[in-house]
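Listed below are the residues making up each chain.
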Amino acid sequence: MSSESLPLSGARAVVPARDAAPANGGYNYGFVGRTVAEAIGSFLLLFVGIGIAIFGNTAGGGIGSPLAFGLALAGAMAAFGFISGGHFNPAITLGSAVAGRTAWKFVLPYILAQLVGAVLGVAILWVVITGHDQIGEQARQFLSGTANGYGEHSTNLFPLPSALLMEVVGAALLTAVFLGAASRKAGTGSRKSLAVSGAFAVGVTYAVLLTVLVPVTNGGINPARSTAVAIFSEGWALEQLWLFWVAPLLGAVIAGLIFRSVDMTIDAHSNNAAAALDEDADDTDTVKPVAAKPANPASDAGSTTPVVDEEARGFFDKPADGTGTTRPEDGTPGNRA
């Protein structure tokens, strides 16, 4: 939350950062544009990550699947993050909504778009594999090798409790890094474009977390990724899919609640600091509110009236009459910023 002096009026207006103009050049991408961006980003993420996991093992070289997922996520965020926010993960979307960064009306459409994009990305890989004369009949086995699982289907036979704990912690950490990198406190606008450094931070974190989780669950964290692969894998993958929805969503909610509480604390501190600044500022910075004088156009032609943005005030700071306007000390109607 920032305060700026208004030289023309001699007063200080407090304007919340979340209401500032978007940093994407002023363009307001609509519902369709945002959901399409989420679908394309999810498609890119799964097509590259699962493609490397399958064909990289077949070719016996190249970069690892966790690194491929991380690089693909960073690229997708840099390319489409300024449109939709760059989630590409149902857990990130839910965590962002819980933290107050994403409107709840976008949660379900985002998740559906992410699922469509992820399934389409894996479906193309499925078509490519089944068209091969030698490995076409083993397509489900190839995809099962990239599916998430626990117990006997875990990479190293880790039981359900271990898989649950690791997925919750991994999703919470990834969501926390995303919310921190895309924090509106660090920039202007509630839907600002993700900086390259932020996309890089999230991508690297995703790659590192997947590297840790591969021996336990084959690297989940993303319910859209788990669902898309399970559809084209053997039956056990769909049976164990519930865990890879519940655990990541739970971890994301935990991270979202933490960031929401932090944002509320910062907002309260900013309100108090702004109020203290208005009271203590000297005359060269701003004009302090004083008791209104009787109207005298001749003598008061150069006087100024304090302007306050009501949207920046706390709920309990609203005027008692509920009109949403600020009144000077003499009770006469004031001007809203």
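Conventions adopted
Residues numbered from 1 in each chain as written. Predicted model: local features only at pLDDT ≥ 70, side-chain atom pairs only at ≥ 80, totals over all residues. Heavy atoms only, no water. Core = buried A, V, L, I, M, F, W, Y, C linked by side-chain atoms within 4.5 Å. Buried < 20%, exposed > 50% of the residue type's maximum accessible area, 1.4 Å probe, protein only. Helix = DSSP H or I, 4+ residues; strand = E, 2+ residues; numbered from the N terminus. Contact = heavy atoms within 4.5 Å. Phe/Tyr/Trp six-rings, centres within 6.5 Å; stacked < 30°, edge-to-face > 60°. Lys NZ or Arg CZ within 6 Å of the ring centre and 35° of its normal. Polar contact = N/O pair within 3.5 Å; in protein donor to acceptor, adjacent residues only side chain to side chain. Expected span 1.5 Å × (residues − 1). Bend = angle between axes of the 7 residues up to and from the residue. Axes fitted to C-alpha atoms, helices over the stretch in contact; angles between N-to-C directions. Parallel < 35°, antiparallel > 145°, perpendicular 65-115°, else oblique. Nonpolar A, V, L, I, M, F, W, Y, C, P; charged D, E, K, R; others polar. pLDDT = per-residue confidence, 0-100.

*Asks:* Explain the nonpolar core here, please?
*Replies:* Note that soluble globular proteins tend to have their nonpolar side chains buried in a common cluster. Within the largest apolar cluster, 40 residues are counted, with the highest numbers of intra-cluster contacts made by Ile-50, Val-122, Leu-143, Tyr-206 and Ile-221. Listed by contribution, the elements that provide at least two residues to this core are helix H1 (31–59), helix H2 (65–84), helix H4 (107–130), helix H5 (139–144), helix H6 (160–181), helix H7 (196–217), helix H8 (223–231) and helix H9 (235–239). Each residue touching Tyr-206, except ones within four places of it in the same chain, is listed here: Leu-45, Phe-69, Gly-70, Leu-73, Leu-174, Gly-220, Ile-221 and Asn-222. Counting six residues, the second largest nonpolar core, distinct from the first, contains Tyr-150, Val-168, Phe-244 and Ala-247.

*Asks:* Would you take a moment to explain the packing of aromatic side chains for this structure?
*Replies:* The description of an aromatic ring pair uses the distance of the two centres, along with the angle that the planes make with each other. Counted by the stated rule, this structure contains seven aromatic pairs. With centroids separated by 6.4 Å and ring planes inclined at 25°, the aromatic side chains of Phe-31 and Phe-106 adopt a geometry described as stacked. Residue Phe-31 is located in helix H1, and its partner Phe-106 is located in the loop between helix H3 (90–98) and H4; the two are separated by 75 residues in the primary sequence. Considering the side-chain rings of Phe-43 and Phe-47, the 5.7 Å spacing of their centres and the 10° angle between planes classify their relative orientation as stacked. Residue Phe-43 and its partner Phe-47 are both found in helix H1; the two are separated by four residues, about one turn of the helix. An aromatic cluster is present here, built from Phe-31, Phe-106 and Tyr-110 joined pairwise through their rings. Note that Arg-34 overlies the ring of Phe-106, its terminal NZ or CZ placed 4.1 Å from the centroid.

*Asks:* Would you explain the side chain of Thr-217 in this entry?
*Replies:* Mapping Thr-217 onto the fold places it in helix H7. Taking relative accessible area as the criterion, Thr-217 reaches 0% and is therefore assigned buried. Ignoring any residue separated from it by four or fewer positions in sequence, one finds Thr-217 in contact with Ala-147, Asn-148, Gly-149, Ala-163, Glu-167 and Phe-244.

*Asks:* I keep staring at H3 and nothing clicks. Help me out?
*Replies:* Two residues of an α-helix separated by three or four positions point the same way, owing to the 3.6 residues in each turn. With respect to burial, H3 is a largely interior element, nine of its nine residues being buried. Taken together, the buried positions of H3 are occupied by Pro-90, Ala-91, Ile-92, Thr-93, Leu-94, Gly-95, Ser-96, Ala-97 and Val-98. Two or three places before Ala-91, at the opening of H3, Asn-89 has a side-chain oxygen 2.9 Å from that residue's backbone nitrogen. Residue Gly-100 follows H3 closely and has a positive phi angle near 85°.

*Asks:* What should I look at first to understand the environment of Phe-232 in this one?
*Replies:* Position of Phe-232 among the secondary structure elements: in the loop between H8 and H9. Accessibility expressed as a relative area gives 13% for Phe-232, which makes it buried. Taking the C-alpha atoms as reference points, Phe-232 and Phe-142, 90 residues apart in sequence, are found 9.5 Å from one another. In this view, Phe-232 contacts Val-119, Val-122, Ala-123, Trp-126, Arg-140 and Leu-143; residues no more than four positions away in its chain are not counted.

*Asks:* Where do I start with H7 in this structure?
*Replies:* Helix length check: H7 (22 residues) gives 30 Å between terminal C-alpha atoms against 32 Å at 1.5 Å per residue, within 8%. A bend of about 30° at Thr-211 is the largest found in H7, and the proline Pro-215 appears one to four places after it. Looking at H7, one finds that the buried residues are Gly-198, Ala-199, Val-202, Gly-203, Thr-205, Tyr-206, Ala-207, Leu-209, Leu-210, Leu-213, Val-216 and Thr-217. Looking one or two residues past H7, Asn-218 carries a phi angle of roughly 70°, positive in sign.

*Asks:* How should I be thinking about the packing of H6 against H7 in this particular structure?
*Replies:* Axes are the key here: two packed helices are described by the angle between their axes and the distance separating the axes. Between H6 and H7, the least distance of the axes is 9 Å, while the angle of their chain directions is 175°. The angle between the axes of H6 and H7 places the two elements in the roughly antiparallel class. Residues Ser-162, Ala-163, Met-166, Glu-167, Gly-170, Leu-173, Leu-174, Val-177, Phe-178 and Ala-181 of H6 form the contact with H7, whose own contacting residues are Gly-198, Ala-201, Val-202, Thr-205, Tyr-206, Leu-209, Val-212, Leu-213, Val-216 and Thr-217. The class makeup of the residues in the contact of H6 with H7 is 14 nonpolar, five polar and one charged.

*Asks:* How should I be thinking about the confidence of the model for the protein in this particular structure?
*Replies:* Interpretation of the predicted coordinates at a detailed level should be avoided for regions scoring low in pLDDT. On average, residues of the protein score 77 in pLDDT, and 65% of them reach the 70 mark or higher. Per-residue pLDDT stays below 50 along residues 185–194; that stretch engages in 27 contacts with residues further than four places along the chain or on separate chains. Contacts of residues 297–337 to residues separated by more than four positions or lying in other chains number 59 contacts, the stretch itself having pLDDT below 50.

*Asks:* Help me out: how do you make sense of unusual backbone geometry in this one?
*Replies:* For residues other than glycine, phi is negative in most cases, and the peptide bonds are mostly trans. Unusually for a residue other than glycine, Phe-88 sits at a positive phi of about 60°. Mapped onto the elements of the fold, Phe-88 is located in the loop between H2 and H3. The phi dihedral of Leu-157 falls on the positive side, at around 60°, and the residue is not glycine.

*Asks:* Please clarify how the environment of Leu-115 should be interpreted in this entry.
*Replies:* Looking at where Leu-115 falls in the secondary structure, it is placed in helix H4. As for Leu-115 and Arg-225, which are separated by 110 residues in sequence, their C-alpha atoms are 7.9 Å apart. Excluding residues within four positions of it along the chain, Leu-115 makes contact with Ala-224, Thr-227 and Trp-245.

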